[in-house]
Amino acid sequence: MLQQISKITTEEKKKNEYALNQFRYSFLAGNFEQMEELMDNKGVFFNRMNKKRALAHFHKFLFTEHNIGKRLWPEFKDGYSLDEFPGEHVIEFRFMEADPFSFPDVDKFEFGDPPRKEFKELVVRLAFRFHNGKIIGLRFPKRVVKSIESFILQN
């Protein structure tokens, strides 16, 4: 995957970055319609699900099982996967039950840190695969790192 990342064109990289940013903010806003538009119809999501089923499962995971609608404050940081698909971009979303005005250090965390109990955090990490500005894969990565710079230099 690391070699494939370096082989994409600048134009495709811009399209992919745009899709990633659009997904990030549509996710935080709970805009599943926009997330659906960003996902490719032929993509494979969350262990062999199609787009419609993945969005339904994802909605249930977030709103029914983890009730993120009641969490006051979201934060996010970016990193990379280090598991079966090394180098995939990962967004780490942190949903917490903390008022940022009462806890000024609520944004003091590093990508990959465990959930902070004092904020009752839910940490959701999503790994992405892209093709020409569309998301063709979404999954929950098992291992993540903040940076792949050392891997790129060794390659």
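One can find the structure itself at the top, above this paragraph.
Rules used in this analysis
- Residues numbered from 1 in each chain as written.
- Predicted model: local features only at pLDDT ≥ 70, side-chain atom pairs only at ≥ 80, totals over all residues.
- Heavy atoms only, no water.
- Helix = DSSP H or I, 4+ residues; strand = E, 2+ residues; numbered from the N terminus.
- Polar contact = N/O pair within 3.5 Å; in protein donor to acceptor, adjacent residues only side chain to side chain.
- Phe/Tyr/Trp six-rings, centres within 6.5 Å; stacked < 30°, edge-to-face > 60°.
- Buried < 20%, exposed > 50% of the residue type's maximum accessible area, 1.4 Å probe, protein only.
- Lys NZ or Arg CZ within 6 Å of the ring centre and 35° of its normal.
- Salt bridge = Lys/Arg side-chain N within 4 Å of Asp/Glu carboxyl O.
- 1 Å grid on protein atoms, 1.4 Å probe; cavity = no way out; pocket = protein on both sides within 12 Å on 5 of 7 lines; lining within 4 Å.
- Points joined across faces, edges and corners; volume = space filled by probe spheres on them.
- Nonpolar A, V, L, I, M, F, W, Y, C, P; charged D, E, K, R; others polar.
- Pairing = 2+ DSSP bridges.
- Contact = heavy atoms within 4.5 Å.
- Axes fitted to C-alpha atoms, helices over the stretch in contact; angles between N-to-C directions.
- Core = buried A, V, L, I, M, F, W, Y, C linked by side-chain atoms within 4.5 Å.

Asker: Sorry if this is basic, but what is going on with the environment of arginine 129 here?
Answerer: Among the structural elements, arginine 129 can be located in strand β4 (residues 122-131). At 2.7 Å, the side chain of arginine 129 and the side chain of glutamate 88 are in polar contact.

Asker: Is there a simple way to think about the packing of aromatic side chains in this case?
Answerer: In this description, a pair of aromatic rings is defined by centroid distance and the angle of the planes. Taken as a whole and judged by the stated rule, the model has 14 aromatic pairs. Each ring, one from phenylalanine 93 and one from phenylalanine 95, has its centre 6.4 Å from the other, and the planes form 15°; the classification is stacked. Neither residue differs from the other here; phenylalanine 93 and phenylalanine 95 are each classed as buried. Between phenylalanine 128 and phenylalanine 130, the aromatic rings sit 5.8 Å apart at their centres with planes inclined by 10°, giving stacked as the arrangement. There is no split in this pair, since phenylalanine 128 and phenylalanine 130 are both buried. The ring of phenylalanine 109 has lysine 77 sitting right over it, with the charged end atom 4.7 Å from the ring centre.

Asker: I keep staring at the pattern of salt bridges and nothing clicks. Help me out?
Answerer: Side chains that carry opposite charge are capable of pairing whenever their charged atoms lie near each other. Summed over all chains, the structure comprises 13 salt bridges. A salt bridge links glutamate 36 to lysine 52, with the nearest nitrogen and oxygen atoms 2.4 Å apart. One end of the pair, glutamate 36, is in helix α3 (residues 32-38); the other, lysine 52, is in helix α4 (residues 51-65), and 16 residues separate them in sequence. Classification of lysine 52 as exposed rests on a relative accessible area of 56%. Across the salt bridge formed by glutamate 92 and arginine 94, the nearest N and O atoms sit 3.0 Å from each other.

Asker: Even after reading the chapter, I still don't get the layout of surface pockets, so can you show me in this structure?
Answerer: To find leftover empty space, one rolls a probe the size of a water molecule over the atoms. If you add up the space inside the second largest pocket, you get close to 230 Å³. Put simply, the parts of the chain that give the lining of the second largest pocket at least two residues each are β1 (39-45), β4 and β5 (134-139). In terms of residues, the lining of the second largest pocket owes the most to one element, β5, which gives four residues. Considered class by class, the residues forming the lining of the second largest pocket number nine nonpolar, two polar and five charged.

Asker: What should I look at first to understand the sheet that holds strand β3 (residues 89-96) in this one?
Answerer: With mixed pairing, the six strands of this open sheet are ordered in space as β1-β5-β4-β3-β2-β6. In the strand order of this sheet, the two ends are held by β1 and β6 (144-145), each with one partner. One ladder, built from five bridges, connects β4 with β5; its direction is antiparallel. By the bridge assignment, arginine 129 is partnered in β5 with glycine 137. Each of β2 (73-81), β3, β4 and β5 touches helix α2 (residues 10-29); the most contacted strand, β4, lies at about 150° to it. Of the strands in this sheet, β1 and β4 touch α4, which is tilted by about 65° from β1.

Asker: I would appreciate a short explanation of the nonpolar core in the present structure.
Answerer: For soluble globular proteins, nonpolar side chains are generally found buried alongside one another. Ranked by internal contacts, the top residues of the largest apolar core, which has 27 residues, are Phe23, Phe27, Phe58, Leu126, Phe128, Ile135 and Leu138. Every element with two or more residues in this core is listed here: α2, α3, β1, α4, β3, β4 and β5. Leaving out residues up to four positions away in the same chain, phenylalanine 27 has contacts with Met35, Phe58, Leu62, Phe93, Phe95 and Leu126.

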